[in-house]
Amino acid sequence: MTAQTDTPGSVTAVYKVSGMSCGHCEGAVSGEISGLPGVTSVKAVASTGEVTVVSAAPLDDEAVRAAVDEAGFELVGRA
């Protein structure tokens, strides 16, 4: 589980999500994760199944899993 720091006070994590196949899927996942406290940026890419999340502090993996589940997809783990 690696995280990289982009700017002071921010953490970037990349997650693998299964089931995304289109822009609507990307938007659903991004929308749910964006609602988590501290999240400043989310970029989901259906073709790779990767979701890049920038947050003020490291996120709880279970909170991310719950958000992805709410969007109707499965969090596989960290990329």
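Note that the structure is a prediction, hence the values are computed from the model and not measured.

*Asks:* Outline the packing of helix α1 (residues 23-34) against helix α2 (residues 61-71), supporting the account with residue identities and numerical values.
*Replies:* Their axes nearest at 8 Å, the elements α1 and α2 cross at an angle of 140 degrees. Comparing their axes, α2 and α1 come out oblique. Once α1 is placed against α2, the crossing between them reads as right-handed. When α1 is examined against α2, the residues Ala28, Val29, Glu32 and Ile33 are found in contact with a partner set consisting of Val64, Ala67, Val68, Glu70 and Ala71. Residue composition of the contact of α1 with α2, grouped by class: seven nonpolar, no polar and two charged.

*Asks:* Talk me through α2; I want residue IDs and the actual numbers.
*Replies:* Among all positions in α2, only Asp61, Val64, Ala67, Val68 and Ala71 are buried. Considered in projection along α2, the buried side chains sweep an arc of 125 degrees and stay on one side of the axis. Those residues of α2 that are buried are in contact with β1 (11-18), α1 and β4 (74-78). Positive phi shows up at Gly72, right after α2, with a value of about 95 degrees.

*Asks:* So what's going on with the pattern of salt bridges? Residues and values would help.
*Replies:* In a structure, side chains of opposite charge can pair up when their charged atoms sit close to one another. For the structure shown, the criterion picks out two salt bridges. Here Arg78 and Asp61 are joined by a salt bridge, their closest N and O atoms 2.9 Å apart. Remark: Asp61 occurs in helix α2 and Arg78 occurs in strand β4; sequence separation between them is 17 residues. Residue Arg78 is classed as partly exposed on the basis of its relative accessible area of 25%. When the shortest N-O distance is used, the salt bridge between Arg65 and Glu62 registers 3.6 Å. In this pair, Arg65 and Glu62 both sit in helix α2, three residues apart, roughly one turn of the helix.

*Asks:* How would you explain the sheet that holds β1 if you had to name every residue and give the values?
*Replies:* If you trace the four strands from one edge of the open sheet to the other, you get β2-β3-β1-β4, paired in antiparallel fashion. Each having just a single partner strand, β2 (39-45) and β4 make up the two edges of the open sheet. Neighbour-to-neighbour, the strand axes of this sheet turn through a mean angle of 30 degrees, independent of strand direction. In the sheet, β1 pairs with strand β3 (residues 50-55) via six bridges, with the strands oriented antiparallel. Within the sheet, the bridge partner assigned to Val14 lies in β3 and is Thr52. Along the sheet face, α1 touches β1, β2 and β3 and points at about 160 degrees away from the line of β2. Contacting β1 and β4, α2 runs over the sheet at an angle of about 150 degrees to β4.

So, how was this worked out
Residues numbered from 1 in each chain as written. Predicted model: local features only at pLDDT ≥ 70, side-chain atom pairs only at ≥ 80, totals over all residues. Heavy atoms only, no water. Axes fitted to C-alpha atoms, helices over the stretch in contact; angles between N-to-C directions. Helix = DSSP H or I, 4+ residues; strand = E, 2+ residues; numbered from the N terminus. Parallel < 35°, antiparallel > 145°, perpendicular 65-115°, else oblique. Left-handed = near helix turned anticlockwise from the far one by under 90°. Contact = heavy atoms within 4.5 Å. Nonpolar A, V, L, I, M, F, W, Y, C, P; charged D, E, K, R; others polar. Buried < 20%, exposed > 50% of the residue type's maximum accessible area, 1.4 Å probe, protein only. Arc of directions from axis to C-beta. Salt bridge = Lys/Arg side-chain N within 4 Å of Asp/Glu carboxyl O. Pairing = 2+ DSSP bridges.

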